[in-house]
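Fold and geometry: a report
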Amino acid sequence: MAERITPRSESYSDWYVDIVLGAELADYSPVKGTMVIRPRGYAVWERMQSILDGMFKETGHVNAYFPLLIPESFLKKEAEHVEGFAPECAVVTHGGGEELDEPLVIRPTSETIIWSMYKKWIQSYRDLPLLINQWANVVRWEKRTRLFLRTTEFLWQEGHTAHASAEEARDETLQMLEVYRRFAEEYMALPVLTGVKTPAEKFAGAVDTYAIEAMMQDKKALQAGTSHFLGQNFAKAFDVTFQTSEGGLDHVWATSWGVSTRLVGALIMAHSDDKGLVLPPRLAPTEVAIVPIFKNQNKTEVLAYASKLHQQLKPMHRVVLDDDDNNSPGWKFSQWELYGVPIRIECGPKDMQAEQVVLVRRDTGEKIPVPVAEAPARIAPLLEDIQRSLYDRALAFREENTRDIDDYQQLVSFMEGDGGFARVPWSGSPEAEAKVKEETKATIRVLPFGNEEAAAGKRCAITGEPARHMAIFAKSY
RNA sequence: CGGGAUGUAGCCUAGUGGCUAAGGCGCCUGCUUUGGGAGCAGGAGACCGGAGGUUCGAAUCCUCUCAUCCCGACCA
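Values in this document were obtained by computation on a predicted structure and should not be read as measured data. (Residues numbered from 1 in each chain as written. Chains lettered and ligands numbered in written order. Predicted model: local features only at pLDDT ≥ 70, side-chain atom pairs only at ≥ 80, totals over all residues. Heavy atoms only, no water.)

According to the domain assignment, chain A contains domain 1 (12–271), domain 2 (286–382) and domain 3 (403–474). Each of domain 1 and domain 2 has a C-alpha centre, and the two are 41 Å apart. Facing the 5 residues of domain 1 at the interface are 5 residues of domain 2. Summing both sides of the interface, domain 1 and domain 2 together bury roughly 430 Å²; the carbon and sulfur share of this comes to 50%. (Domains from an automatic or database assignment. Contact = heavy atoms within 4.5 Å. Buried area = accessible area lost by both parts, 1.4 Å probe.)

Structure below.
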């Protein structure tokens, strides 16, 4: 099939859709705003899941599963929470052929049902901390959807923890943010900014929301993960108290944190090119695709040559041998590039003659002939190099497109022009933040850790008041 | 919820009132090929998004409707 991918320069959003459909990551399904995650896309998510799950377990968390359906009244118990979520909730009103006494909300997130259970499970400080994660689907009725980035139903993990003190809960929030940062940078090859959200951008029901924020190739920001310090808001709403070691009674301190299948969208938009998907090796379901190049008269020999290599690599790497004899090598090259496989190995009669194979990097297209005997040992370092280059390239791109701006007109023209991340002194005024959003569509993506020192002595670019933060403004997904 | 676009075979498209709806890609069979998206031959696959109307006759004209995508508004 002659897949034509719209070049990024022509239309970034068409390009994105072409990659998702062409690389067979997902497909549209019959209900508006929903999608099928196809095997090639789901395999990426499975790798993300298994790595993250390991990281959660290492930090002491356990998995559980809470139900999809939540009594509508639960949502209403936390005022800010219900206000934030009510408009995007899907509600079940009928079941078993009858109208229900109380409508059931399909979870948009699970804080309420989980805290209703935590009330039963927590009595004493000895029950704390309670560190539970769940892998689940959630539904948020979105008016505008985009494959992987914003769909009505999506998959995610949500961690919900309960602690005896504010400090401990705060530490947990920051610990999980750090887990997300490591995952994004070390596995997704995606550099991220970490910090806190402004009140306007935080999670409905949180005291503070922390986030990892990444830049996509169109210079827009994508929130890739969030970790919330919930204070005692949910404990109070659901009356979850515990006896302290001193015999007193206190409300429990809470956190929640999550990443979703949106990460797959982030991965695509961060690294892919006009030839197709580019996957960082550590998350690529297939690391190596071997493409033998044969003619009828030498088919047996070449396939044996390729197959031997395949057998050698299999114990060490996720490798496939494309021995289909119906498609031409050129077709296969394009196809594996579209699928985003980090390394392709070409081996034909000429290589056999020279006792070599050709390694081809997906990220640069570079062709590297190596002696066949050395090939198995060359793969791992090359994968690491690709992983590192993808990260370096993404970081360089973000830095090139991040500006220090302390003048409001400059900020406006920056956002009207090429755009990117603008590091701007900000007074902390919500009105100033809203004004920028109104006039430029850019929002404060994050207040990076340690930004306050950098703001010392500066004046807010919007109001002229003394600046309290260096805020990162950007248009976002 | 506003603006735009599109709906004809799995995909892309032609067909603007007249015979049995056409072509390309893909798919199936066979042969031939294979170092950057191969070739030949044969074959399967469509109630033209849906409903109603106009007409001797509708994929085509009219009305209504449904769906999806894109842009905007909205949105952890």
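That shown, we press on.
Turning our eyes to something else, we now look at the protein's contact with RNA strand B. Within the structure, RNA strand B sits among 45 residues, and Lys32, Arg140, Arg344, Lys350 and Asp351 are positioned closest to it. Those atoms of RNA strand B that come within 4 Å of the protein belong to sugar or phosphate at a rate of 42%. Take Gly330: an N or O atom from its main chain is 3.5 Å from a sugar or linking oxygen of RNA strand B. Between RNA strand B and the protein, one listed contact pairs a base nitrogen with a side-chain N or O atom of Lys367 at 3.1 Å. Within the residue set of the surface near RNA strand B, elements represented by two or more residues are strand E8 (153–163), strand E11 (221–231), helix H10 (329–339), strand E17 (343–347) and helix H11 (349–354). A total of 7 residues in the surface near RNA strand B trace back to one element, the largest contributor, which is H10. Looking at the surface near RNA strand B residue by residue, the class counts come to 15 nonpolar, 11 polar and 19 charged. (Near = heavy atom within 4 Å. Polar contact = N/O pair within 3.5 Å; in protein donor to acceptor, adjacent residues only side chain to side chain. Helix = DSSP H or I, 4+ residues; strand = E, 2+ residues; numbered from the N terminus. Nonpolar A, V, L, I, M, F, W, Y, C, P; charged D, E, K, R; others polar.)

Taken as a whole, this structure holds 15 aromatic pairs when the rule is applied. Ring plane angle 75 degrees and centroid distance 5.8 Å describe the contact between Trp45 and Trp135, whose orientation is recorded as edge-to-face. Taken as a pair, Trp45 in helix H2 (residues 39–58) and Trp135 in strand E7 (residues 130–139) lie far apart in primary sequence, 90 residues in all. In this structure Trp45 comes out as buried when scored by relative accessible area, which is 1%. Ring plane angle 75 degrees and centroid distance 5.7 Å describe the contact between Trp336 and Tyr339, whose orientation is recorded as edge-to-face. Within this pair, Trp336 and its partner Tyr339 are both found in helix H10, separated by 3 residues, close to a single helical turn. Tyr339 shares its class with Trp336; the two are buried. Put simply, the rings of Trp45, Phe56, Trp135, Tyr180 and Trp257 touch in pairs and so form one group of aromatic residues. The lysine or arginine in question, Lys220, covers the ring of Tyr477, its NZ or CZ lying 4.4 Å from the ring centre. Looking at Arg282, its charged tip hangs above the ring of Tyr187, at a distance of 5.4 Å from the centre. (Phe/Tyr/Trp six-rings, centres within 6.5 Å; stacked < 30°, edge-to-face > 60°. Buried < 20%, exposed > 50% of the residue type's maximum accessible area, 1.4 Å probe, protein only. Lys NZ or Arg CZ within 6 Å of the ring centre and 35° of its normal.)

Turning next to helix H9 (residues 299–313). Residues lying three or four places apart along an α-helix face the same way, a consequence of the helix completing one turn every 3.6 residues. Compared with the 21 Å implied by 1.5 Å per residue over 15 residues, the 21 Å span of H9 between its first and last C-alpha is a close match. Within the span of H9, buried status applies to Val302, Leu303, Tyr305, Ala306, Leu309, His310 and Leu313. Seen along its axis, H9 keeps its buried residues to an arc of 155 degrees; they face one direction. In this structure, H9 carries Thr300 and Lys308 as exposed residues pointing more than 90 degrees from its buried face. (Expected span 1.5 Å × (residues − 1). Arc of directions from axis to C-beta.)

With omega at -5 degrees, the peptide bond leading from Leu128 into Pro129 counts as cis. By the secondary structure assignment, Pro129 is in the loop between helix H5 (111–121) and E7. The backbone phi angle of Phe148 is positive, close to 65 degrees, even though this residue is not glycine. Turning to its location among the elements, Phe148 is positioned in the loop between E7 and E8. Residue Phe148 is classed as buried on the basis of its relative accessible area, which comes to 2%. Positive phi is not limited to glycine here, since Glu355 has a value of about 55 degrees. Examined against the element boundaries, Glu355 turns out to sit in the loop between H11 and strand E18 (356–361). Given a relative accessible area of 55%, Glu355 falls into the exposed group.

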